[in-house]
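Geometric and topological summary
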Amino acid sequence: MKVITVSLAFIIGFAGPLWADRVQIDQEDVFFLDTDGDGAISGPEYAEFAYFAFRTIDTNDSGTLSPNEVEKHLTSDDFAIMDTNGDGRISKKEWAAQLNADFAAADRDGDGALD
C-alpha cells in the first residue's frame, strides 16, 4: 500500500502550478506509473493512474469526490479550485481537467511524457 500512498500524493500534487512546490516525483513513482517500462510516464499512463486514483478516493462510489473523501489529499482551498462549478463535489470531469493541466505543466519539454 505504500506505493499507492506515495503515488496518490504524486498524482494529486506533483505537477501543476497549484501544488508544484509540495511534492516531487521520485523513482518509486516512476516505477509504479511507468507501466510500459520505458523510463517515462506518458500521458496515457498518467491518465490511467489519475482514473485509478479517482476510483480509489471515491470511497462511496458516487462518481464524485466530496470534501470528506479528499481531506487526506487536498486542502480546502485546493478542493475549491478543483471544484470549478462550485457544487461542493469534484466530478470526474473536474478531476481530469486539473490533472491534465498538471501533466501539461510538468511536461516541460512538451514531448508528451514525464521523464
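Now for a look at the structure at hand. Keep in mind it's a predicted model, so treat the numbers as computed, not measured.

On to the packing of aromatic side chains, then. Scanning the entire structure with this criterion turns up three aromatic pairs. Ring geometry for Phe 49 and Phe 52: centres 5.2 Å apart, planes at 45 degrees, overall tilted. Highlighted residues: Phe 49 and Phe 52, both in helix α3 (residues 43–57), separated by three residues, approximately one helical turn. What makes Phe 49 buried here is its relative accessible area of 6%.

The next subject is helix α6 (residues 92–106). Spanning 15 residues, α6 covers 21 Å between terminal C-alpha atoms, matching the ideal 21 Å at 1.5 Å per step. When α6 is considered as a whole, its buried residues turn out to be Glu 94, Trp 95, Gln 98, Leu 99, Asp 102, Phe 103 and Ala 106.

A few words now on the environment of Glu 71. Tracing the chain through its elements places Glu 71 in the loop between α4 (67–70) and α5 (76–82). By relative accessible area, which is 56% here, Glu 71 ends up exposed. Between the alpha carbons of Glu 71 and Ile 57 there is a distance of 10.0 Å; along the sequence they are 14 residues apart.

With that out of the way, let us pick up a negative patch on the surface. A cluster of acidic residues, Asp 36, Asp 38, Asp 109, Asp 111 and Asp 115, forms a negative patch on the protein surface. Along the chain, the position of Asp 109 falls in the loop between α6 and β4 (113–114). The exposed category is assigned to Asp 109, whose relative accessible area is 53%.

Helix-helix packing: each pair is described by the crossing angle between the helix axes and the interaxial distance. Axis separation between α3 and α6 bottoms out at 10 Å; the angle between their running directions is 140 degrees. Accordingly, the angle class assigned to the pair α3 and α6 is oblique. Here α3 and α6 pass one another in a crossing that is right-handed. Only Lys 92, Trp 95, Leu 99, Asp 102 and Phe 103 of α6 make contact with α3, whose side of the interface consists of Gly 43, Tyr 46, Ala 50, Ala 53, Phe 54 and Ile 57. Its residues placed into classes, the contact of α3 with α6 shows eight nonpolar, one polar and two charged.

Turning to its location among the elements, Gly 88 is positioned in the loop between α5 and β3 (90–91). As a C-alpha pair, Gly 88 and Ser 66 span 22 residues in sequence and 6.8 Å in three-dimensional space.

Assignment of secondary structure puts Glu 94 in helix α6. It turns out Glu 94 is buried and unbridged, and the closest side chain with the opposite charge, Arg 89, is 8.7 Å from it. A polar atom in the side chain of Glu 94 sits 3.0 Å from the backbone nitrogen of Asn 85. The contacts of Glu 94, once residues within four sequence positions are left out, are Met 82, Asp 83, Thr 84, Asn 85 and Arg 89.

A positive phi angle is found at Asp 61, which is not glycine, with a value near 55 degrees. Within the secondary structure layout, Asp 61 lies in the loop between α3 and β2 (64–65).

Calculation rules
- Residues numbered from 1 in each chain as written.
- Predicted model: local features only at pLDDT ≥ 70, side-chain atom pairs only at ≥ 80, totals over all residues.
- Heavy atoms only, no water.
- Phe/Tyr/Trp six-rings, centres within 6.5 Å; stacked < 30°, edge-to-face > 60°.
- Helix = DSSP H or I, 4+ residues; strand = E, 2+ residues; numbered from the N terminus.
- Buried < 20%, exposed > 50% of the residue type's maximum accessible area, 1.4 Å probe, protein only.
- Expected span 1.5 Å × (residues − 1).
- Patch = residues over 30% accessible without salt bridge, like charges linked within 9 Å, V, L, I, M, F, W, Y side chains within 5 Å.
- Areas by Shrake-Rupley, 256 points an atom, 1.4 Å probe, with all protein chains shown as cover.
- Salt bridge = Lys/Arg side-chain N within 4 Å of Asp/Glu carboxyl O.
- Lys, Arg positive; Asp, Glu negative; His and termini not counted.
- Charge placed at Lys NZ, Arg CZ, Asp CG, Glu CD.
- Axes fitted to C-alpha atoms, helices over the stretch in contact; angles between N-to-C directions.
- Parallel < 35°, antiparallel > 145°, perpendicular 65-115°, else oblique.
- Left-handed = near helix turned anticlockwise from the far one by under 90°.
- Contact = heavy atoms within 4.5 Å.
- Nonpolar A, V, L, I, M, F, W, Y, C, P; charged D, E, K, R; others polar.
- Polar contact = N/O pair within 3.5 Å; in protein donor to acceptor, adjacent residues only side chain to side chain.

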